[in-house]
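Observations on the three-dimensional arrangement
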Amino acid sequence: MVNAQTGLEGPRDDLTVIDNRTGKTYIIPIKDNTVAAIDFKKIKAPSKPGERKENETERGLRVADKGFMNTAVITSEITYIDGDNGGKLMAYSVLHKRRAQNSSLVLRYRGYPIEQLALHSNFLEVAYLLIYGSLPSRKDFAVFKREVMTHTLVHVDAEGLFKSFRYDAHPMAILSSAFSALGSFYEEANPSLRGQNLFTKSDPASLANMDKQIYRIIGKATTFAAMAYRVRSGRPFVTPPAGLSYTASFLYQMDHLGQEDYVPSPTLAKALDILFILHADHELNASSTTVLQTGSSLVDPYSCMAAGVASLYGPLHGGANEAVIRMLISIGHPENVPAFLESVKKRERVLSGFGHRVYKTSDPRSFIIRKIADEVFKETGEDELLKTAMVLHDLAMKDEYFTSRKLAPNVDFWRLVFAGL
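Residues numbered from 1 in each chain as written. Predicted model: local features only at pLDDT ≥ 70, side-chain atom pairs only at ≥ 80, totals over all residues. Heavy atoms only, no water.

This paragraph deals with the overall build of the chain. What the chain contains, in helices and strands, is 17 helices and five strands. Counting the 421 residues in the chain, one finds 40% classified as buried. Taking contacts inside the chain between residues at least 6 apart in sequence as the whole, the part at least 24 apart equals 62%. Of the roughly 23,300 Å² of accessible surface on the chain, a fraction of 53% belongs to carbon and sulfur atoms. (Helix = DSSP H or I, 4+ residues; strand = E, 2+ residues; numbered from the N terminus. Buried < 20%, exposed > 50% of the residue type's maximum accessible area, 1.4 Å probe, protein only. Contact = heavy atoms within 4.5 Å. Areas by Shrake-Rupley, 256 points an atom, 1.4 Å probe, with all protein chains shown as cover.)

Now the structure itself:
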């Protein structure tokens, strides 16, 4: 076969499509193993008698993909996931720095395996890597960390917003509202007020403005989360401390009760740092897609964040870990687990935290979190909820009903470590 594109022998990077409705033939180019949906619009046919007008058959063929199961909307080099090989990752102790054997490259940030980053890096380094494309030099990291930690402080008016919520308001509702309100504080970050090309001019001033919003969002995210936590616990807000790491500062803001020289546990701060790394990015999931689509209207970045948090709130996304905790609470005690699993098989109960839409074997992040759990609960002590989770995990993994359906624990199942922290 002669390649029409190169004039040489060999396969061509295109599809030959024959429309049996009209007998016409179309050539659809393939680039990076994708075809452009817009290319199918040129495939047109007359409407059939009685066909619904909304089909608009004469205007070209449409491509349906409910749930974005096989649609690429952007070219990215940020994260790679090989969902079919999720089970190859072997567990190891991150905190004790024992290397993994036969570790998989199933989840990579900018080419770095997630287990290596969890072992050797920290969250702010990984955030820099994801945003700018490479790990920072010592000088660059010092600047990045200083700027982020400086922007952990929030305007005093933000406290009034948080105090307006009921004590039992859901933290995600508070967080979404806080980011939305933040957009009103920074006029220089709003393309609606400063021009559509505010962030796209690529000149030094535009890039510096963009960086400043990055620092603000990362810095204030943990402060907002801690403030939401303290609203629910009826405690006064805590000013972000100086001299602590990103995650230690977060723990300090949540747990400080006026003690002198209080410093959060290094073990817990490291565990939380690893958890943040594991959740830093996961390709175009629901919340990332929501932020991308919201940002396409050139709205300010804080409104984009508010939309992303709202998407993350849902029980089929970030809210799945809350569903796991509710499930474990409903089970009650470890001895109730066998009866619960039988009810799941009868479709009387729902098993949360098992299986994954992307990972067809097991979620590689769950192995890392499982080992973190051992370290965390050595310090905090095991509770009934954790014991129930352990029994549920062990029994389900020995039951052919669940293993044959590839229902392994995912990252949401082990997020109960957050509760332990």
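A separate point is a nonpolar patch on the surface. Where nonpolar side chains cluster on the molecular surface, the patch consists of Phe-68, Val-73, Ile-74, Leu-284 and Leu-292 and spans about 460 Å² of accessible area. The residue Phe-68 is located in the loop between strand 2 (24-29) and strand 3 (79-81) in this model. Taking relative accessible area as the criterion, Phe-68 reaches 58% and is therefore assigned exposed. (Patch = residues over 30% accessible without salt bridge, like charges linked within 9 Å, V, L, I, M, F, W, Y side chains within 5 Å. Salt bridge = Lys/Arg side-chain N within 4 Å of Asp/Glu carboxyl O.)

Right, let's talk about unusual backbone geometry for a bit. Only a minority of non-glycine residues have a phi that is not negative, and only a minority of peptide bonds are not trans. Unusually for a residue other than glycine, Asn-33 sits at a positive phi of about 60 degrees. Unusually for a residue other than glycine, Phe-68 sits at a positive phi of about 50 degrees.

Below, the discussion takes up the nonpolar core. Membership of the largest hydrophobic core comes to 44 residues, with the highest contact counts inside it found for Tyr-109, Phe-123, Leu-124, Phe-144, Val-148, Ile-218 and Tyr-246. Breaking this core down by element, the ones donating at least two residues are strand 4 (107-109), helix 1 (114-120), helix 2 (123-132), helix 3 (138-150), helix 7 (204-233), helix 8 (246-255), helix 9 (266-278) and helix 14 (364-380). The leading source of residues in this core is helix 9, at nine residues. In this structure Val-148 touches Leu-124, Tyr-215, Ile-218, Gly-219 and Tyr-246, once residues within four positions along its chain are discounted. (Core = buried A, V, L, I, M, F, W, Y, C linked by side-chain atoms within 4.5 Å.)

With that settled, consider helix 14. Its 17 residues place the ends of helix 14 25 Å apart at the C-alpha level, agreeing with the 24 Å of an ideal helix rising 1.5 Å per residue. Looking at helix 14, one finds that the buried residues are Pro-364, Arg-365, Ser-366, Ile-368, Ile-369, Ile-372, Ala-373, Glu-375, Val-376 and Phe-377. (Expected span 1.5 Å × (residues − 1).)

Turning to the environment of Thr-150, a few remarks are in order. Following the sequence through the fold, Thr-150 ends up in helix 3. Residue classification places Thr-150 among the partly exposed residues on the basis of a relative accessible area of 46%. Expressed as a C-alpha distance, the spacing of Thr-150 and Ala-242, which sit 92 residues apart in the sequence, is 8.7 Å. A distance of 2.7 Å separates a polar side-chain atom of Thr-150 from the backbone oxygen of Arg-146. (Polar contact = N/O pair within 3.5 Å; in protein donor to acceptor, adjacent residues only side chain to side chain.)

Moving on: the side chain of Gln-213. Relative to the helices and strands, Gln-213 resides in helix 7. Here Asn-209 takes part through its side chain, which lies 2.8 Å from a polar atom of the side chain of Gln-213. Here Gln-213 is in contact with Glu-188, Ala-189, Phe-199, Pro-301 and Tyr-302, once residues within four sequence places are set aside.

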